[in-house]
Amino acid sequence: MSNGSSIPQCLLLPLTDTRVLQLWHFWLFRGISLAALLGNSLIITSTACDQHLHTPSYFFLLNLSLLHLGCISTTVPKSKANSLWDSRDISYTACAAPIFFLHFFLVAEFYFLTIMSYDRYVAICKPLHYGSLLGSRACVHMAAAAWGAGFLTALLHTANTFSLPLCRGNAVEQFFCEIPQFLKLSRSHSYLREVGLFVIAVCVTFGCFVFIVGSYVQIFRAVLRIPSEQRCHKAFSTCLPHLAMLSLFVSTSAFAYLKPPTISSPPLDLVVSVLYSVVPPAVNPLICSLRNQEL
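Right, let's walk through the structure included here.

How each quantity is defined
- Residues numbered from 1 in each chain as written.
- Predicted model: local features only at pLDDT ≥ 70, side-chain atom pairs only at ≥ 80, totals over all residues.
- Heavy atoms only, no water.
- Salt bridge = Lys/Arg side-chain N within 4 Å of Asp/Glu carboxyl O.
- Buried < 20%, exposed > 50% of the residue type's maximum accessible area, 1.4 Å probe, protein only.
- Core = buried A, V, L, I, M, F, W, Y, C linked by side-chain atoms within 4.5 Å.
- Helix = DSSP H or I, 4+ residues; strand = E, 2+ residues; numbered from the N terminus.
- Disulfide = S-S within 2.5 Å.
- Contact = heavy atoms within 4.5 Å.
- Expected span 1.5 Å × (residues − 1).

## Observations concerning the pattern of salt bridges
Move 1: Within the structure shown, the criterion is met by one salt bridge.
Move 2: Note that R120 and D119 form a salt bridge whose closest N and O atoms lie 3.0 Å from each other.
Move 3: Owing to a relative accessible area of 13%, R120 belongs among the buried residues under this scheme.

What follows is the structure, encoded as structure tokens:
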């Protein structure tokens, strides 16, 4: 079956069939998206304009906020429009852009979370070497590598996903276009290439995860050796927001992309997708502002 000509339209998952609840969903997502846009824009503006915030930590936070803006701008608008106009359809070719950009932002976000764990490790465990290990050139190189890796990964996965023949209808069991949902619509023997790419991605992700865990093991060991209770509390307060964001993002996104098909269901997929694509952009500014008085 040919992709483009046989399936000109895809049907996204409606969150509800009740008109009143559809409008409630529209206003709920509108409020969440506005809060995320405002909060992350304030972080970006404050970090860019305030000379005191021109540090590696805030530089990486600025990049993370840019990714969060992109992520929520990719998933939420179409869902709001569908709820407002009581619609489900989206053209097959129009699904390519959300899939590419969402994958791009999510992969780059994970790499930046990894870099931020390294930043915390150097700041707490090797404070005397912080300036040399995380100079401006090193920070720019790491940021460019994260953005570039996200772009390349998203390009490969998107191109491979849209080369697969679809044979199981056009109903996408998600409120936005997502790679796992498209794989469900293709022939089981056709997405072996995508599985291969996922295996490589899982290996890289696992390596980053091991690095993050190792970094935080060293951080907590160093923090517990700090004699001053006030300094110990300050060190924990700078790490816990990043660790909370990391735990939420990694657990939900890993479950969304790696869960076996036997436990997949539309309500479960919906909750998990909201947790990894909508909640982090909305709560990140709140967590950062609570723990960083400079913001």
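## A few points about the nonpolar core
Move 1: By size, the foremost hydrophobic cluster in this structure holds 64 residues, and its most contacted members are F112, F182 and Y276.
Move 2: At the level of secondary structure, the elements contributing two or more residues to this core comprise α2 (19-49), α3 (56-85), α4 (96-125), α6 (136-161), α7 (179-184), α8 (192-224), α9 (229-258) and α10 (266-277).
Move 3: With 17 residues, α4 is the largest single contributor of residues to this core.

## Observations concerning the state of the cysteines
Disulfide: a covalent bond connecting the sulfur atoms of a pair of cysteines.
Move 1: Under the definition given, this model contains one disulfide.
Move 2: Between the sulfur atoms of C95 and its disulfide partner C177 the distance amounts to 2.4 Å. Remark: C177 occurs in the loop between α6 and α7 and C95 occurs in the loop between β2 (89-91) and α4; sequence separation between them is 82 residues.

## Details of the side chain of K80
Move 1: Turning to its location among the elements, K80 is positioned in helix α3.
Move 2: By relative accessible area, which is 14% here, K80 ends up buried.
Move 3: Leaving out residues up to four positions away in the same chain, K80 has contacts with H25, F26, F29, R30 and S33.

## What about α10?
Move 1: Between its terminal C-alpha atoms α10 stretches 16 Å, which fits the 16 Å expected from twelve residues at 1.5 Å a residue.
Move 2: Listed in full, the buried residues belonging to α10 are D269, L270, V272, S273, V274, Y276 and S277.

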